[in-house]
Each structure stands twice: as C-alpha cells, then as structure tokens.
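Examination of the molecular architecture
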Amino acid sequence: MKKNIWVDYWILGEIAIIGLAEAVHLITMVLGWTFERCSLVFMGAAGFLGILWAILSAMIWVKAGKEKGARKGAIIKSKGVWSLWAIFFLLVGAQLFFVCRGNVPYRQGDMMVETVESFLTSDHIYQVNPMTGQAYVEGIPARLKILCLPTLYAGLCRIFGLKPAIVVYSMAPVMTLIGSYMAYYALGCCFFPQSAGYEGNGKKKDGSQTEENIREIESLAKKRICFLIAVAILMWIGTYFYVMDGFQVLFCGWRGTAIRNGVLLPWLLSACLRKKWGYTLLCVLAEACIVWTFYGMGVCLIVVVGMILADIWFQKHNKKLPNDIWHEK
C-alpha cells in the first residue's frame, strides 16, 4: 500500500512539533533571545502548524469517507471485532489512568522539571544551573545543549499556563503513550497486510463484494487488534524492568529515550517495511533532537541501515517480505 494510513499523519504531526521546537530552540540560542520571545515564536508557529494539520486531516477524513463509505457494513456488524476493541481500550484506558495519576514517574537521575523551571524563571535557555540556581560556571556539553525537549515542555507551560510537573509528568507521557499505539498499529498493518485487489471495506476494486470478502476483512481486523492487545499486555509486563519499553513509556514517557523506543522505532520499522525511506530520515532527525549521546543516540540510524541491507539481500535472492503485497496494488 503506497498511500499513507491514518496513523501516519498523527506521528508526522508529533515529529513536526519536535522539529519546530528544535528550530526555535536553536534560533533562540544563536540569537540570544529571551525565553518569552522564544515561546511567542513557538506559539505562533505551533498554532499555524496545528491549523494546517487540522485542515489536512479533515480533507483526508472526508476523502477517505467518500472512497470507503461501505466499510461499516463489513466491520461494525462483527461482535468479535467490537469485543476485541473493548478489551484493547480497557487496557489502554487503565494505562492512561496509571500515567495521569501523577505519582508514578521514575525521577531518579532526571532533571527535566528542574530544567524547565530554570527556563521559565530565568527567561533564558541554559543560563541557570537547575541544581544550584546559579549561573553555569563551565557550561554544559554542546550535544546536550541542543536537545529541544526542555524548550518544548517549557513552551507548553508558558502557552497553557501549566506547571512544569503537570506538563512533564502527565501531558507528555500521555502523548507518548498514544503515539506509541499509533506506531504499533502501523506496524501491525505491515504484519497483517490486505490481500491484493481489495479495498478496506471488503470490496474488490470493481465494486463486487461477497461474504467471503467480508469474512476476510473481519479476520484481518481481528489479527491487527489482537496484535495491539498483545502490545498493551507487554507494556504492562515491561513495567517490572527498567530497560523495557513498557517501563520507559509508563514511568518516564517524557524522556527522549521513551519517545524514541515507544514511538519512533516501531513507526520506523513500519516505514522500512513499506519502503517509505523519506519517513525513516525524519525518525533519525527526530531522535537526534531528543536523545543525548550517552543514552544511545543513533539507534534509529542503525535500524534503517540494517533494514536497507536486509531489503537488498531479499531483492538479490529474489525473495519478498511479507508486506510486499502492499506494493503490488
């Protein structure tokens, strides 16, 4: 399937916000702007980006509705599909409640809230040491200084008038959790692709539709939902191990490593399987904006290189990946 699926636009929006925050962050440091001016520029640019994203989403939604108006007849009548969706949303709802309680963040060795507060109180970026409240004596590493998440979170605090702890410990993890399931849904679509020649509503391209086609599309939907349920269960299981993605997403979802592991990597894999190499570049750049070198920056690039080599090997030996049927439409 060469066209984007709907979750792609959500994750592209998140990556666009990260890129926007990085651009404003670098401009502020180079030109020596105050953080108030930085937040005003960020607010204006984010507002324009949000309006553009909403318009494009509405246009895509309307177009998809016209092209696939009969989809409900194939999916919604299946009680099994609805039951699986109910289980999935129950699991995700419990995770959202868990994250929003506000007393579960793993804060050891993390200074994100203190850094955000230093931006807001000093009205400058990286001018005050959040540990001492005094000006930096020797400065901080350049690689760490260009990371944009503190500026992004501080900008949200200034725009919405929220406390740093609320933005960092509640708002950011919720967005990371939602983005993670969006990314895994895209990956599930790669693992369980549609049969060639059929639209998403069980109809052939010539408009014909049979009970067999409908059963096939219902079976496909069940497989994808079961995949998401398995991911949700593994998220819970992973909370018992610090290095697991479940722990990163549910206990410290504001960190760059959590966003990288929970959102960027699964979506990156789906982009590689669909041969959307331009999207992989966006993931590599987004990771560079949010992950410090000591925390493993460059994982996305390694995965891309590995997937490219695997694709070359498959082509050389005249073999097809399971999702190559998407490219045969």
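Above this note sits the structure.
Here goes a summary of the coordinates provided. All values reported here derive from a predicted model rather than from experimental measurement. (Residues numbered from 1 in each chain as written. Predicted model: local features only at pLDDT ≥ 70, side-chain atom pairs only at ≥ 80, totals over all residues. Heavy atoms only, no water.)

So, about the overall build of the protein. Secondary structure summary: the protein contains 13 helices and 0 strands in total. In the protein, the succession of helices and strands from N to C terminus is α-α-α-α-α-α-α-α-α-α-α-α-α. Within the protein, the proportion of its 329 residues that are buried is 44%. Long-range contacts, defined here as pairs at least 24 residues apart, represent 74% of the contacts in the protein between residues at least 6 apart. Summing over all exposed atoms, the protein offers an accessible surface of approximately 17200 Å²; the carbon and sulfur share of this is 68%. (Helix = DSSP H or I, 4+ residues; strand = E, 2+ residues; numbered from the N terminus. Buried < 20%, exposed > 50% of the residue type's maximum accessible area, 1.4 Å probe, protein only. Contact = heavy atoms within 4.5 Å. Areas by Shrake-Rupley, 256 points an atom, 1.4 Å probe, with all protein chains shown as cover.)

Inspection of every chain in the model, using the stated rule, returns 21 aromatic pairs. Measuring from centroid to centroid gives 5.5 Å for Trp85 and Phe89, while their planes differ by 25°, and the two rings are stacked. Residue Trp85 and its partner Phe89 are located together in helix α4 (residues 79-100), separated by 4 residues, close to a single helical turn. Aromatic pair Phe119 and Tyr126: ring centres 5.0 Å apart, planes at 90°, arrangement edge-to-face. In this pair, the class of Phe119 matches that of Tyr126, namely buried. (Phe/Tyr/Trp six-rings, centres within 6.5 Å; stacked < 30°, edge-to-face > 60°.)

This part is about the packing of helix α1 (residues 6-31) against helix α12 (residues 277-290). The contact between α1 and α12 brings their axes to 10 Å, and the two run at 45°. Here α1 lies oblique to α12, going by the angle between them. The chirality of how α1 crosses α12 is left-handed. For the pair formed by α1 and α12, the contact residues are Leu12, Ile15, Ile18 and Glu22 on the first element and Tyr279, Leu282, Cys283, Ala286, Cys289 and Ile290 on the second. (Axes fitted to C-alpha atoms, helices over the stretch in contact; angles between N-to-C directions. Parallel < 35°, antiparallel > 145°, perpendicular 65-115°, else oblique. Left-handed = near helix turned anticlockwise from the far one by under 90°.)

Under the counting rule described, the total for this entry stands at 4 salt bridges. One salt bridge connects Asp110 with Arg255, and the closest N-O pair in it is separated by 3.3 Å. With a gap of 145 residues between them, Asp110 in the loop between α4 and α5 (112-122) and Arg255 in the loop between α10 (245-251) and α11 (256-273) connect regions that are remote in the sequence. No difference in accessibility class separates Asp110 from Arg255, as the two residues are buried. Two residues, Asp311 and Lys275, come together in a salt bridge whose shortest N-O distance is 3.7 Å. Separated by 36 residues along the polypeptide, Asp311 in helix α13 (residues 299-316) and Lys275 in the loop between α11 and α12 bring together distant segments of the chain. Taking the relative accessible area as the measure of exposure, Lys275 reaches 30% and is therefore partly exposed. (Salt bridge = Lys/Arg side-chain N within 4 Å of Asp/Glu carboxyl O.)

Empty space among the atoms becomes apparent when a probe as large as a water molecule is rolled across them. Here the structure, examined in full by the defined rule, presents 1 cavity of 30 Å³ or more. Space inside the largest cavity adds up to approximately 30 Å³. Every residue along the wall of the largest cavity is listed here: Val99, Val104, Pro105, Tyr169, Pro173, Leu250, Phe251, Cys252, Gly253 and Trp254. Within the residue set of the lining of the largest cavity, elements represented by two or more residues are α8 (164-191) and α10. When grouped by side-chain class, the residues that make up the lining of the largest cavity number 9 nonpolar, 1 polar and no charged. (1 Å grid on protein atoms, 1.4 Å probe; cavity = no way out; pocket = protein on both sides within 12 Å on 5 of 7 lines; lining within 4 Å. Points joined across faces, edges and corners; volume = space filled by probe spheres on them. Nonpolar A, V, L, I, M, F, W, Y, C, P; charged D, E, K, R; others polar.)

Attention now goes to α1. Here α1 spans 38 Å end to end across 26 residues, near enough to the 38 Å set by a 1.5 Å rise per residue. Phi turns positive one or two residues past the end of α1, at Gly32, with a value near 70°. (Expected span 1.5 Å × (residues − 1).)

A separate point is the layout of surface pockets. A volume near 950 Å³ is recorded for the second largest pocket. Lining of the second largest pocket is provided by 34 residues; of these, Trp10, Gly13, Glu14, Ile17 and Met175 occupy positions nearest its centre. Of all elements in the fold, only α1, α2 (35-67), α7 (149-160), α8 and α11 reach the threshold of two or more residues within the lining of the second largest pocket. Here the lining of the second largest pocket gets 11 residues from one element, more than from any other, and that element is α2. Residue composition of the lining of the second largest pocket, grouped by class: 28 nonpolar, 5 polar and 1 charged.

As a further point, take unusual backbone geometry. In most cases, non-glycine residues show a negative phi, while peptide bonds are predominantly trans. Here Asp123, not a glycine, exhibits a phi torsion of approximately 65°, which is positive. By the secondary structure assignment, Asp123 is in the loop between α5 and α6 (142-145).

With respect to the helices and strands, the residue Ala186 is situated in helix α8. Here Ala186 falls in the buried class, since its relative accessible area comes to 0%. Separated by 181 residues in the primary sequence, Ala186 and Ile5 place their C-alpha atoms 7.5 Å from one another. Once you skip the residues sitting within four places of it in the chain, Ala186 turns out to touch Ile5, Val7, Asp8, Trp267, Ser270 and Arg274.

Here is the idea: a disulfide is a covalent bond, and it sits between the sulfur atoms of two cysteines. Applying the stated criterion across every chain yields a total of 0 disulfides. Here Cys300 stays unpaired: no disulfide links it, and the sulfur of Cys283, its closest cysteine neighbor, is 5.8 Å away. Note on Cys300: relative accessible area 0%, which makes it buried. (Disulfide = S-S within 2.5 Å.)

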